[in-house]
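Listed below are the residues making up each chain.
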Amino acid sequence: MARAITVGLDGSAESAAAAEWAAREATLRDLPVRLIHVWMPVPEPMAQAPLLGAETHQHWTERVPREAAAGLGLRHPGVEVSTEQLTGTPAEALVEAAHDAELLVLGSRALSGLGGFLVGSVGQSVIARTEVPVVLVRAGEQATDEHVMDPVGIPSAATAFRPVVLGLGSPDDTVIAFAFEEARHRETALYVVQAWDTWPYAVYTIGPGFEHHEGFTRQQADALAETLRPWRQKYPDVEVVEMPRPGSAATHLIDASRDASLVVVGRRVRRNPFGTHIGAVTHAVLHHATAPVAVVAHD
């Protein structure tokens, strides 16, 4: 049986956007969607309350995935959708559910008054503890956001996909393969961003400031081309745009996300059971990229 694209659902706008994204991804991959809703049992004192008893609370929690599945079935008739209700803490339940998932999709909400998005403690904990790729989708994400404008400048889901953007830190086959597959599914280009710190490789100019050492810049570009050479051969139908850049990797990726259908970043697996470290670049991209972000764990 094919592994499903699993969605963490809690009835919020951001989790609804995640479910819609998962259904669109399932169409591209020909996979089923599994909606996971975590039910936390009502504490005993609350269970005795006349307006919020245990049965009433469970009724509403069962209604969330049921209605979400019905809606996805109407909008995406070719996608098989199932629901599952789990009990316990959301982070623990989602990490467990991810073990037999192809992808885990979660929502992130806008930060009020700030230019960014909030990845809550549950999302960060799940990302840090699962080795399955996790995709974060912002509330309000639409299918048209992933596609280029039509010829007269109107948003459309019938046009070509925007490119997939890969943030390439330490080159890892798992992360690179995921990005190429996503570009292939979308029949779009793959933009590969690799950045480096400028200060050790800058030289004084005659005027004020610094300029980047041309020899080192050329060396970085050659190394990136060599890393991607076998992948170009494996995926000849995927157009690859190499983007070696001096400066902040997070800044370049956030800028590139504005015209992307998906941003792919890696996360080194840390088998320490304590903490929720996901890396500084990945953390920044999750909070500020405007496109969905896929975090792929690697050794």
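Residues numbered from 1 in each chain as written. Predicted model: local features only at pLDDT ≥ 70, side-chain atom pairs only at ≥ 80, totals over all residues. Heavy atoms only, no water.

## Concerning the overall build of the chain
Stated precisely, the cut-off is as follows: Helix and strand assignments follow DSSP, with helices taken as H or I runs no shorter than four residues and strands as E runs no shorter than two, numbered in order from the N terminus. Using a 1.4 Å probe on the protein chains alone, a residue whose accessible area is under 20% of its type maximum counts as buried, one over 50% counts as exposed, and one in between counts as partly exposed. Note on contacts: a residue pair is in contact if any heavy atoms of the two residues lie within 4.5 Å. All accessibility values rest on the Shrake-Rupley procedure with a 1.4 Å probe; residue burial counts only the protein chains present in the view.
Along the backbone of the chain there are 9 helices and 13 strands. In the chain, buried positions account for 45% of the 299 residues. Contacts spanning at least 24 positions in sequence make up 74% of the contacts within the chain whose residues lie at least 6 apart. With an accessible surface of roughly 15300 Å², the chain has 54% of that area assigned to carbon and sulfur atoms.

## Some words on the pairing of strand E13 (residues 293-298)
We apply this condition: A pair of strands counts as paired when DSSP detects no fewer than two bridges linking them.
Most of E13 is tucked away: 6 of the 6 residues are buried. Residues Val 293, Val 295 and Ala 297 of E13 are buried on one face, and the alternating residues Ala 294, Val 296 and His 298, pointing to the opposite face, are buried as well. Across 3 bridges, strand E6 (residues 134-138) lies against E13 in antiparallel orientation. Within E13, the residue paired with Val 134 across the bridge is Val 295.

## Comments concerning unusual backbone geometry
A positive phi angle is found at Asp 30, which is not glycine, with a value near 60°. Under the relative-accessibility criterion, Asp 30 is labelled exposed at 69%. For Glu 187, which is not a glycine, the phi torsion comes out positive at approximately 55°. The residue Glu 187 is located in the loop between helix H6 (173-186) and strand E8 (190-196) in this model.

## Describing the nonpolar core
Formally: By nonpolar core is meant a set of buried Ala, Val, Leu, Ile, Met, Phe, Trp, Tyr and Cys residues that side-chain atoms within 4.5 Å join together.
In this structure, Val 105, Leu 166, Phe 180, Leu 190 and Val 264 are the most contacted members of the largest nonpolar core, which totals 41 residues. Considering every element that reaches this core, the biggest residue donor is helix H1 (residues 13-29), with 7 residues. What Leu 190 contacts, discounting residues up to four positions off in sequence, is Val 164, Leu 166, Ala 179, Phe 180, Ala 183, Val 238, Glu 239, Val 240 and Val 241. Grouped together as the second largest cluster of nonpolar side chains are 32 residues, Ala 91, Val 95, Ala 98 and Ile 278 included.

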